[in-house]
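# Summary of the model geometry
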Amino acid sequence: MAKAISCMVCGNSVPVPRGLLIHGFLLCRACEDRIKNISPGDPDYGFYMNGLKKIWCSRGA
Amino acid sequence: MPGLWTLAIASFIHGLMLLFSYIANNSFPKPLSEEEEVKYVKLLMEGDEKACEVLIERNLRLVVHIIKKFEGSGEEFDDLVSIGTIGLIKAIKTFNSGKSTRLATYASRCIENEILMHLRSKKKNRAELSLFDSIGIDKEGNEIQFIDILGTDSELVTEEVESILDKEKLWKHIKTLSPQERKVLVMRFGLTDGAKRTQKDIAKKLGISRSYVSRIEKRAVNRLTERFATHAGQ
């Protein structure tokens, strides 16, 4: 059974195969699909932008 | 203001130094060789999720390389890398190997485009002011919003001003008509008291026939129309 970890953006727990693992952080399928179609200026843009910062702020990861 | 700029520049440089030391320590994997890229792109086209992850991770350094171009944009460093990452994810997810462009070239364009779109969007929003923006607090400590200090709806103010200007123009031109034409128009359209009278009423009041009133009215309206057309824009 796949281990469940939280999505780095929305925080929902998802089994690992259901999404992308980027540098040890999971991006769930729902957030991945939203990011694919989101444009700067969208009210949710900042939410996804801040969520992805974890990849870059994980010096010890 | 100069203090804010200094802080923003210091924050950017600090972030950049952190990131460069991060990359120098090989925390992010090295970019793919051309052969590796071909291999993983082929797998990506077959729907391999692992290949997608590898292509994103191995192009993260490309994001840093691209954002160096936007150092003077006034954006926070961590915002720029994150926006660049969104551009990178979009690039990997929409890449079409059928076209002759290399993935790295396509991804560079997508990353740069994402940042440019973000900067344009911010510039556009800067000129906008919400009626619900806070403009301070009152003596009792309650927040005052922009809408609170507007006495009248701005559209109503504009309409009122235009209406006054139109009336002024109308009276200016009416004064150039003959006294009889002026009397007929004033009574017919209730220009002084708001009471509009019928041609029959006016005829009785002036001691002339209704058809004559009709002709005077028609002539006066035509003259006014001509004068408005001649003096349009004044």
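Residues numbered from 1 in each chain as written. Chains lettered and ligands numbered in written order. Predicted model: local features only at pLDDT ≥ 70, side-chain atom pairs only at ≥ 80, totals over all residues. Heavy atoms only, no water.

### Looking at the pairing of strand 4 (residues 25–28) of chain A
Residues and elements named next belong to chain A. As a reminder, the rule being used: Pairs of strands are assigned from DSSP output, requiring at least two bridges between the strands. In this description a helix means any DSSP run of H or I spanning at least four residues, a strand means any run of E spanning at least two, and both kinds are numbered starting from the N terminus.
Where strand 3 (residues 19–22) lies against strand 4, 4 bridges are found, and the strand directions are antiparallel. Counted as the bridge partner of I22 is F25 from strand 4. The turn linking strand 3 back onto strand 4 is made up of 2 residues, and H23 within it adopts a positive phi angle of 55 degrees.

### Side note on the interface of chain A and chain B
Applied cut-off: What makes two residues a contact is simply this: any of their non-hydrogen atoms within 4.5 Å. By definition, the buried area sums, over both parts, the 1.4 Å-probe accessible area that each loses when the two are put together. When a carboxyl oxygen of Asp or Glu lies within 4 Å of a side-chain nitrogen of Lys or Arg, that pair is called a salt bridge.
Taken together, the contacts link 24 residues of chain A with 30 residues of chain B. Of the roughly 2,400 Å² buried between chain A and chain B on both sides combined, carbon and sulfur atoms contribute 65%. Taken together, chain A and chain B are joined by 4 salt bridges. Between K53 of chain A and D78 of chain B there is a salt bridge, with the nearest N and O atoms lying 3.8 Å from each other.

### Digging into the packing of aromatic side chains
Quick reminder of the rule: In this scheme Phe, Tyr and Trp rings, the latter by its six-membered ring, pair at centre separations within 6.5 Å, and the angle between planes marks the pair as stacked below 30 degrees, edge-to-face above 60, and tilted otherwise. Exposed residues in this analysis have more than 50% of their type's maximum accessible area, buried residues have under 20%, and partly exposed residues fall in between, with area computed by a 1.4 Å probe over protein chains only.
With the rule as written, the count across this model stands at 2 aromatic pairs over all chains. Considering the side-chain rings of F47 of chain A and Y48 of chain A, the 5.1 Å spacing of their centres and the 85 degrees angle between planes classify their relative orientation as edge-to-face. The class of F47 of chain A is partly exposed, set by a relative accessible area of 43%. Look at F95 of chain B and Y106 of chain B: their rings are 5.6 Å apart centre to centre, the planes differ by 50 degrees, and that puts the pair in the tilted class. One end of the pair, F95 of chain B, is in the loop between helix 5 (77–94) and helix 6 (103–126); the other, Y106 of chain B, is in helix 6, and 11 residues separate them in sequence.

### A look at the packing of helix 1 (residues 29–37) of chain A against helix 5 of chain B
Axes are the key here: two packed helices are described by the angle between their axes and the distance separating the axes. Convention followed: Here an angle of 0 to 180 degrees is reported between the N-to-C directions of two axes, which are lines fitted to C-alpha atoms, with helices fitted over the stretch in contact. Should an angle lie under 35 degrees it is considered roughly parallel, over 145 roughly antiparallel, and from 65 to 115 roughly perpendicular; all remaining angles are considered oblique. Under the convention adopted here, Pro, Cys and the residues Ala, Val, Leu, Ile, Met, Phe, Trp and Tyr are nonpolar, Asp, Glu, Lys and Arg are charged, and Gly plus all remaining residues are polar.
Packing of helix 1 of chain A against helix 5 of chain B leaves a shortest axis separation of 9 Å and a crossing angle of 95 degrees. Comparing their axes, helix 5 of chain B and helix 1 of chain A come out roughly perpendicular. In this structure, helix 1 of chain A uses E32, I35 and K36 of chain A to contact helix 5 of chain B, whose residues at the interface are I86, I89, K90 and K93 of chain B. Residue classes in the contact of helix 1 of chain A with helix 5 of chain B are distributed as 3 nonpolar, no polar and 4 charged.

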